[in-house]
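Residue strings, one per chain:
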Amino acid sequence: MRVNLIGCMMLVGIFFAATANAGMENIYCHNVATGWEGAKDLCVGRNQGLPKPKTDEDIQLIMTTCGPDKNRWTQGAKNMLYPQGDFQYGDGSVIPQNLWAPGTPDNWGGDEDHVNIDKFTFKLNDVRIEAHYPSHYPIYAVCVDEVPNYYCHDSETTWEEAKAICEGRNQVLIQPRNRAEIDAVHNKCGVQNFWTAARQYPAKPGNPFLYLDNTNIPNELWIPGEPNDVNNNEDCVNILMQYGLNDRPCSFPTYPVCQDKYY
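Residues numbered from 1 in each chain as written. Predicted model: local features only at pLDDT ≥ 70, side-chain atom pairs only at ≥ 80, totals over all residues. Heavy atoms only, no water.

### What about helix α5 (residues 179–189)?
In step 1: All of the buried residues in α5 are Glu181, Ile182, Val185, His186 and Cys189. The buried side chains of α5 occupy one side of the element, clustering within an arc of 145 degrees when seen end-on.
In step 2: Buried residues along α5 sit against α2 (36–45), β8 (151–152), β10 (194–200), β12 (236–240), β13 (244–248) and β14 (257–259).
In step 3: The backbone nitrogen of Ala180 has a side-chain oxygen 3.2 Å away, supplied by the residue at the start of α5, namely Asn178. (Buried < 20%, exposed > 50% of the residue type's maximum accessible area, 1.4 Å probe, protein only. Helix = DSSP H or I, 4+ residues; strand = E, 2+ residues; numbered from the N terminus. Arc of directions from axis to C-beta. Contact = heavy atoms within 4.5 Å. Polar contact = N/O pair within 3.5 Å; in protein donor to acceptor, adjacent residues only side chain to side chain.)

Printed below as a string of structure tokens:
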């Protein structure tokens, strides 16, 4: 009955809010092709997340709800800290082997580090982070309700100590990509100074600040005038209260906040 009801709703162009599958609620189907980062940011902006299908039924629900004619992004990605490892979801769980399409993951071209649902097989497929060959194989966002899994540490530490605390939890220091993610951290942990995963590599004046996955910090997240590398000693990055990102000495006492490995 559910499938028939969903089909009818699709025909009249109504989005279906799925309520039966844990972690797969209130499915939003976006209809403009995008890369994985764009899909992730779109979902975060809706206070949702990319899906983490754990069963064939989860995939079926997504594709039936959104329509079977579009490839859809998932949260699945290869951990960039351990690129030879398994594909994982943001909570660190490994993608079930039976969900992969035959012959995948195959890392065709050597840079297929993210995971989508293939419209032809209703199975998972590894692809590049950008919209993979958008004219031939466009991929679209699908978002589901998800509470961000932040861990708020209750004492201040150095940056290296903060990194070790998060790794001990099988998480990483926060890597905010937009203002919504900074606001989400404040909503969870309060308005404080928090370490991020960003630092200068190597620690020399003029070198860029990067997150631990080697991605750039969005310029709009910096406080105006930052980073300024006072005394050539501000090699790590924190969230300065409600204002934005700020470079700090890595020894400066600041609160760690950890997040799932969401690359």
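Now that the structure is up, let's keep going.
### A word on the side chain of Lys40
In step 1: By the element assignment, Lys40 lies in helix α2.
In step 2: Lys40 gets classed as buried once you look at its relative accessible area, which sits at 3%.
In step 3: A distance of 2.9 Å separates a polar atom in the side chain of Lys40 from a polar atom in the side chain of Glu181.

### Digging into the state of the cysteines
In step 1: Using the criterion set out here, one finds 5 disulfides in the structure.
In step 2: Paired through a disulfide, Cys29 and Cys66 show a sulfur-sulfur distance of 2.1 Å. Because the sign of the S-S torsion sets the handedness, a value of about -75 degrees for the bond joining Cys29 and Cys66 places this disulfide among the left-handed ones. Of this pair, Cys29 sits in strand β1 (residues 28–33) while Cys66 sits in helix α3 (residues 56–66), and the two are 37 residues apart along the sequence. Neither Cys29 nor Cys66 differs from the other in exposure class; each is buried.
In step 3: Paired through a disulfide, Cys43 and Cys143 show a sulfur-sulfur distance of 2.1 Å. On the S-S bond that ties Cys43 to Cys143, the torsion sits near -85 degrees, and the link is left-handed. Residue Cys43 is found in helix α2, and its partner Cys143 is found in strand β7 (residues 139–145); the two are separated by 100 residues along the sequence. Like Cys43, the residue Cys143 is buried in the burial classification. (Disulfide = S-S within 2.5 Å.)

On their own, these measurements won't tell you what the molecule is for.
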